[in-house]
Amino acid sequence: MKAGDRFGEWIARRIGSPLSIILHTVAFVACFGTVFLGEIPLPNMLLWLTTIVSLEAIYIGLFLQNSSNRHGDESEHQAHADFVTNLEAKKDIEQLMQTLARIETEKLDTILTELRQH
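Residues numbered from 1 in each chain as written. Predicted model: local features only at pLDDT ≥ 70, side-chain atom pairs only at ≥ 80, totals over all residues. Heavy atoms only, no water.

**Examining the environment of Thr34**
Here is step 1: Inspection of the secondary structure puts Thr34 in helix α2 (residues 18–36).
Here is step 2: Considered as a pair, Thr34 and Ile21 are 13 residues apart in the sequence and their alpha carbons are 20 Å apart.
Here is step 3: When neighbours within four sequence positions are excluded, Thr34 is seen to be in contact with Glu39, Ile40 and Met45.
Here is step 4: Reaching out from Thr34, the side chain makes a polar contact with the backbone oxygen of Cys31 at a distance of 2.5 Å. (Helix = DSSP H or I, 4+ residues; strand = E, 2+ residues; numbered from the N terminus. Contact = heavy atoms within 4.5 Å. Polar contact = N/O pair within 3.5 Å; in protein donor to acceptor, adjacent residues only side chain to side chain.)

Written out as structure tokens, the structure is:
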């Protein structure tokens with residue numbers, strides 16, 4: 001897996017984690033705290049906040065889609081491997097069934113031959 005994919009997977013696993021929720025809550029409280037303390041006017045803070053949240057949402061969507069695509073590729077690969085395994089098992093079972101049928105036929109022929117001789 002490429003470094004970018006590993007990073008995207010790392011981000012995707014942490015979205016919605018308790019730490020992520022706490023950090024976002026602290027950031028939102030800090031933003032509104034700056035307005036309450038008179039450090040930044042409300043319209044300016046909202047402009048910055050909505051811009052940052054919008055960019056974050058875009059990147060979160062990209063990370064999640066990338067992760068979903070990768071997992072889909074892995075699932076397809078596993079499904080193909082399972083299909084091949086099942087085909088091989090089916091062939092093996094068919095061969096065993098033919099062998100068992102041949103053995104049973106030989107047994108019956110032997111029994112019939114012995115019965116005819118007596």
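**What to know about the pattern of salt bridges**
Here is step 1: Taken as a whole and assessed by the stated rule, the structure comprises 2 salt bridges.
Here is step 2: One salt bridge in this structure joins Glu106 and Arg102, with 3.2 Å as the shortest N-O distance. Residue Glu106 and its partner Arg102 are located together in helix α3 (residues 42–117), separated by 4 residues, close to a single helical turn.
Here is step 3: Exposure remark for Arg102: the relative accessible area of 44% places this residue in the partly exposed category.
Here is step 4: Measuring nitrogen to oxygen at the nearest pair gives 3.6 Å for the salt bridge that ties Glu104 to Lys107. Here Glu104 pairs with Lys107, and both are found in helix α3, just 3 residues apart, close to one helical turn.
Here is step 5: Using a relative accessible area of 46% as the deciding quantity, one classes Lys107 as partly exposed. (Salt bridge = Lys/Arg side-chain N within 4 Å of Asp/Glu carboxyl O. Buried < 20%, exposed > 50% of the residue type's maximum accessible area, 1.4 Å probe, protein only.)

**Some words on the packing of α2 against α3**
Axes are the key here: two packed helices are described by the angle between their axes and the distance separating the axes.
Here is step 1: Orientation of α2 relative to α3, taken along the N-to-C sense of each, is 160°, at an axis distance of 9 Å. The orientation of α2 relative to α3 falls into the category roughly antiparallel. Once α2 is placed against α3, the crossing between them reads as right-handed. Counting all contacts with α2, which are made through His24, Phe28, Cys31, Phe32, Thr34 and Val35, the residues of α3 involved are Leu42, Met45, Leu46, Leu49, Val53 and Glu56.
Here is step 2: Classifying every residue of the contact of α2 with α3 by side-chain character gives 9 nonpolar, 2 polar and 1 charged. (Axes fitted to C-alpha atoms, helices over the stretch in contact; angles between N-to-C directions. Parallel < 35°, antiparallel > 145°, perpendicular 65-115°, else oblique. Left-handed = near helix turned anticlockwise from the far one by under 90°. Nonpolar A, V, L, I, M, F, W, Y, C, P; charged D, E, K, R; others polar.)

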